[in-house]
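What follows is each chain in one-letter form.
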Amino acid sequence: MTPREVLACYRGRRIMVTGHTGFKGSWLCSILELAGAQVVGYALEPPTDPNLFRINNAWKAVESVIGDVRNGSALADVMVRFSPEIVIHMAAQPLVRESYIDPVGTYETNVMGTVHVLEAVRGCSSVRSVLNVTTDKVYLNHEWSWGYREDDVLDGCDPYSNSKSCSELVTHSYTGSFLEESGIAVSTARAGNVIGGGDFSRDRIVPDCVRAALGGAPITIRNPRSTRPYQHVLEPLFAYLLIAISQMDNLAFSGAYNIGPGDEGCTTTEDVVRMFGDAWGEGFSWQVRPDGGPREANFLKLDCSKIRSIFGWIPVWDIERAIEETVAWTRAWVEGCDMGPFMRKQIESYMADAEER
């Protein structure tokens with residue numbers, strides 16, 4: 001299915017999204033609003049100020065419940081009351097550096113949060129499809145030059161990555177022990193690094209570039225040769241929606257899926273910064289200065305042949321286009337544009353480009 005065909009499948013559907021106040025969650029709310037879906041979101045208050053959830057008026061498009069996935073009873077109450085058909089679980093502590101500062105909170109959110117979501121699903125008869133969004137960092141990373149496949153060993157090294165590996169294992173256990181026999185389809189999605197307008201997170205390269213550009217100061221690059229699969233945020237979000245709706249009518253589509261670009265999108269930090277500078281233009285500069293921060297893997301690549309062969313899914317925008325769209329979003333926001341309609345135009349542009357491939 002094309003992205004536009006996927007969108008059409010969600011009209012009138014009842015969807016529960018955890019983590020809806022975050023960067024990816026806010027973009028997903030915009031997509032589901034465009035689709036005409038009925039959405040309830042369950043998450044903490046937006047994690048940054050400013051934040052995309054307020055900027056794009058996503059709070060107007062969903063029934064927004066402020067809650068913590070570590071509170072299983074509150075989460076279950078919301079799920080039973082709303083009676084969703086599809087649950088997309090994105091609530092997480094998503095930062096590697098933060099996981100070194102607060103490993104206990106990271107594991108509580110990312111592991112027990114997943115347990116609480118899946119336990120709530122067990123008690124909600126309306127749910128037919130569940131997607132747990134994890135990360136490309138779940139794999140035991142040998143820093144090979146080839147991409148990891150879905151059946152490779154899971155064992156992220158830092159607390160964030162490892163907690164997401166544990167979340168995968170929890171999902172596998174709940175599926176085999178409880179959900180599969182109830183006819184509930186369950187998948188996990190392991191997406192590469194995402195970029196796009198409205199990400200104000202700390203310790204992420206493109207938001208750091210945006211802050212540097214707006215502040216007129218050079219950005220400091222800690223690990224210039226660090227290599228990751230970068231993609232625009234719309235790429236995995238449409239893939240999530242494709243998986244969730246497809247498996248609802250065919251349990252054979254349940255499983256784990258890598259979602260990322262081809263080799264051309266596996267890019268070094270320095271190249272991402274250079275492309276951002278080219279797109280931004282005058283007033284942007286950078287410097288390389290390792291800061292002795294906590295250990296992170298230097299090289300990571302995904303093999304995404306499974307989702308491509310099963311669903312025919314392929315990326316629409318390359319890394320340069322993704323950065324250009326991010327810069328365009330940022331400039332529009334700085335200029336005071338109404339970002340809800342602006343984001344809908346970017347989504348429409350993405351879908352139109354997908355149809356022209």
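Just so you know, these numbers come straight off a predicted model, no measurement behind them.

Caption draft 1: Layout of empty space enclosed by the protein. Enumeration according to the criterion identifies one cavity of 30 Å³ or more in this entry. In this model, the largest cavity occupies a volume close to 60 Å³. As for the largest cavity, its lining consists of G196, G197, G198, D199, F200, V206, P207, V210, T326, W329, T330 and W333. Residue assignment for the lining of the largest cavity shows that the elements contributing at least two residues are helix 8 (205-215) and helix 12 (319-334). In the lining of the largest cavity, the residues fall into six nonpolar, five polar and one charged.

Caption draft 2: Broad picture of the nonpolar core. Ranked by internal contacts, the top residues of the largest apolar core, which has 61 residues, are Y10, I15, W27, L32, Y240, I259 and I307. Other than its neighbours up to four places away in sequence, Y10 contacts I15, L32, A35, G36, A37, I86, L241, A244 and I245. Ranked by size, the runner-up nonpolar core spans 25 residues in total, among them V65, V87, V130 and L179.

Caption draft 3: Main features of the layout of surface pockets. Put simply, the second largest pocket is a space of about 330 Å³. Forming the walls of the second largest pocket are 18 residues, and the residues nearest its centre are H172, T175, V186, G255 and A256. Where the lining of the second largest pocket is concerned, the elements lending two or more residues are helix 7 (159-179), strand 6 (185-191) and strand 10 (255-259). Ranked by residues supplied to the lining of the second largest pocket, first place goes to helix 7 with six residues. Classifying every residue of the lining of the second largest pocket gives seven nonpolar, eight polar and three charged.

Caption draft 4: Summary view of the pairing of strand 6. Of all seven residues making up strand 6, seven are buried, and the element is well covered by its neighbours. Alternating positions in strand 6 separate into two faces, A185, S187, A189 and A191 on one and V186, T188 and R190 on the other, with burial throughout. Judged from the five bridges that link them, strand 5 (residues 129-133) and strand 6 form a sheet pairing that is parallel. Each bridged residue has a counterpart across the sheet, and for V130 the counterpart in strand 6 is V186. After leaving strand 5, the chain enters helix 7 and then returns to the sheet as strand 6, a path that is right-handed.

Caption draft 5: View of the pattern of salt bridges. What the rule picks out here adds up to 23 salt bridges. In this structure, R190 engages E168 in a salt bridge whose closest nitrogen and oxygen atoms are separated by 2.8 Å. Within this pair, whereas R190 is found in strand 6, its partner E168 is found in helix 7, the two being separated by 22 residues in sequence. Each of the two residues, R190 as well as E168, counts as buried.

Caption draft 6: Up close: the sheet that holds strand 9 (residues 227-232). The strand order 7-9-11 describes an open sheet built from three strands, whose pairing is mixed. Each edge of the open sheet carries a strand with a single partner, namely strand 7 (193-195) and strand 11 (266-268). Strand-to-strand twist of the sheet, defined as the mean angle between neighbouring strand axes without regard to direction, takes the value 55°. When strand 9 meets strand 11, the two strands line up antiparallel, connected through three bridges. The residue of strand 11 that forms the bridge with R228 is T267.

Quick notes on the rules
Residues numbered from 1 in each chain as written. Predicted model: local features only at pLDDT ≥ 70, side-chain atom pairs only at ≥ 80, totals over all residues. Heavy atoms only, no water. 1 Å grid on protein atoms, 1.4 Å probe; cavity = no way out; pocket = protein on both sides within 12 Å on 5 of 7 lines; lining within 4 Å. Points joined across faces, edges and corners; volume = space filled by probe spheres on them. Helix = DSSP H or I, 4+ residues; strand = E, 2+ residues; numbered from the N terminus. Nonpolar A, V, L, I, M, F, W, Y, C, P; charged D, E, K, R; others polar. Core = buried A, V, L, I, M, F, W, Y, C linked by side-chain atoms within 4.5 Å. Buried < 20%, exposed > 50% of the residue type's maximum accessible area, 1.4 Å probe, protein only. Contact = heavy atoms within 4.5 Å. Pairing = 2+ DSSP bridges. Right-handed = clockwise from strand over helix to strand, strands pointing away. Salt bridge = Lys/Arg side-chain N within 4 Å of Asp/Glu carboxyl O. Axes fitted to C-alpha atoms, helices over the stretch in contact; angles between N-to-C directions.

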